[in-house]
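# Descriptive structure summary
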Amino acid sequence: MTGPQGRDQELPPGQRLAQVWRPSFYGRVPRLDADSWELRVTGATRDGGVTVLDWERLAELPDVEVSAGMHCVDRRSIPGLLWGGVRFADVVALAPPEAGVEHVVLAAVRGYSSVVLLEDLVRPDSLLANRVDGEPLTPEHGWPARAVLPHLYGFKGPKWVVELAYHHRRQEGWWESHGYHPRGRVDQEERWAHQE
Ligand SMILES: Nc1nc2c(c(=O)[nH]1)N[C@H]1C(S)=C(S)[C@@H](COP(=O)(O)O)O[C@H]1N2
Ligand SMILES: [Mo]
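Predicted model only: the values in this text are computed from it and were never measured.

Around ligand 1 sit 18 residues, and of these W21, S24, H141, R146 and K159 come closest. G157 has a polar backbone atom sitting 2.9 Å from a nitrogen atom of ligand 1. Compared with its free state, where it exposes 530 Å², ligand 1 has 96% of that area covered by protein. The pocket occupied by ligand 1, as judged from atoms lying within 2 Å of grid points, is the largest pocket. Residue composition of the shell around ligand 1, grouped by class: 12 nonpolar, four polar and two charged.

Below you can see the structure in the form of structure tokens.
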């Protein structure tokens, strides 16, 4: 089927097409410089230390592209985006967690954070992205780096991400502390914490 109805049918359960891709964020858009941006890998790391990765180091990892929609827990979906960057699985291999770690906090500048399961982070389509549709991310959409975990709702992917922290116990990020689901899988409609 063609037309908007046909496309609607391809959307995950409970989602509808967004007419435009309007960025979602609170406060002002940070203007970050790719040359000074760093990702700090902290918490329960295997070597007990903090690994600091910049884009020069990350560029040594395989460059990948993943086609995926963005599904906001508020039910708006933007289908068919082509994300580019490196796999979180490769980042995790560079700076691995202690044995038994299951939880990860992804933190952005200015207080935004989300929690994800390590198993969701290391899926092959989970990216630390710096491009979309062949262009560098705009500042509004997360330049110079954002997390994209396509099978989870959008709130699980911080834009302007600067820290990846390993935890043995479950944590709460910004939306999780406001009643949103700790896991957030789109196909399971894991929107609210009370569904657990
Ligand atoms: N730092 C930061 N990251 C964020 C957000 C935010 O407000 N701040 N919003 C999240 C939410 S709720 C969604 S749906 C997606 C939206 O990404 P977009 O603005 O590029 O469409 O970013 C996520 N990442
Ligand atoms: Mo969202």
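Once that is clear, we can look at the layout of surface pockets. Estimated volume of the largest pocket: approximately 620 Å³. Lining of the largest pocket is provided by 31 residues; of these, S24, F25, Y112, K159 and W175 occupy positions nearest its centre. Of all the secondary-structure elements, those providing two or more residues to the lining of the largest pocket are β4 (64-71) and β5 (76-87). Along the lines of polarity and charge, the residues of the lining of the largest pocket split into 18 nonpolar, six polar and seven charged.

With the rule as written, the count across this model stands at 12 salt bridges. Between D74 and R76 there is a salt bridge; the shortest N-O distance is 3.1 Å. The exposure class of D74 is partly exposed, given its relative accessible area of 37%. A salt bridge links R183 to E119; the shortest N-O distance between them is 3.4 Å. With R183 in the segment after β11 (161-167) and E119 in helix α4 (residues 118-121), this residue pair connects regions lying 64 residues apart in the sequence. Given a relative accessible area of 19%, R183 falls into the buried group.

The rules behind these values
Residues numbered from 1 in each chain as written. Chains lettered and ligands numbered in written order. Predicted model: local features only at pLDDT ≥ 70, side-chain atom pairs only at ≥ 80, totals over all residues. Heavy atoms only, no water. Near = heavy atom within 4 Å. Polar contact = N/O pair within 3.5 Å; in protein donor to acceptor, adjacent residues only side chain to side chain. Areas by Shrake-Rupley, 256 points an atom, 1.4 Å probe, with all protein chains shown as cover. 1 Å grid on protein atoms, 1.4 Å probe; cavity = no way out; pocket = protein on both sides within 12 Å on 5 of 7 lines; lining within 4 Å. Sits in = over half its atoms within 2 Å of the grid points. Nonpolar A, V, L, I, M, F, W, Y, C, P; charged D, E, K, R; others polar. Points joined across faces, edges and corners; volume = space filled by probe spheres on them. Helix = DSSP H or I, 4+ residues; strand = E, 2+ residues; numbered from the N terminus. Salt bridge = Lys/Arg side-chain N within 4 Å of Asp/Glu carboxyl O. Buried < 20%, exposed > 50% of the residue type's maximum accessible area, 1.4 Å probe, protein only.

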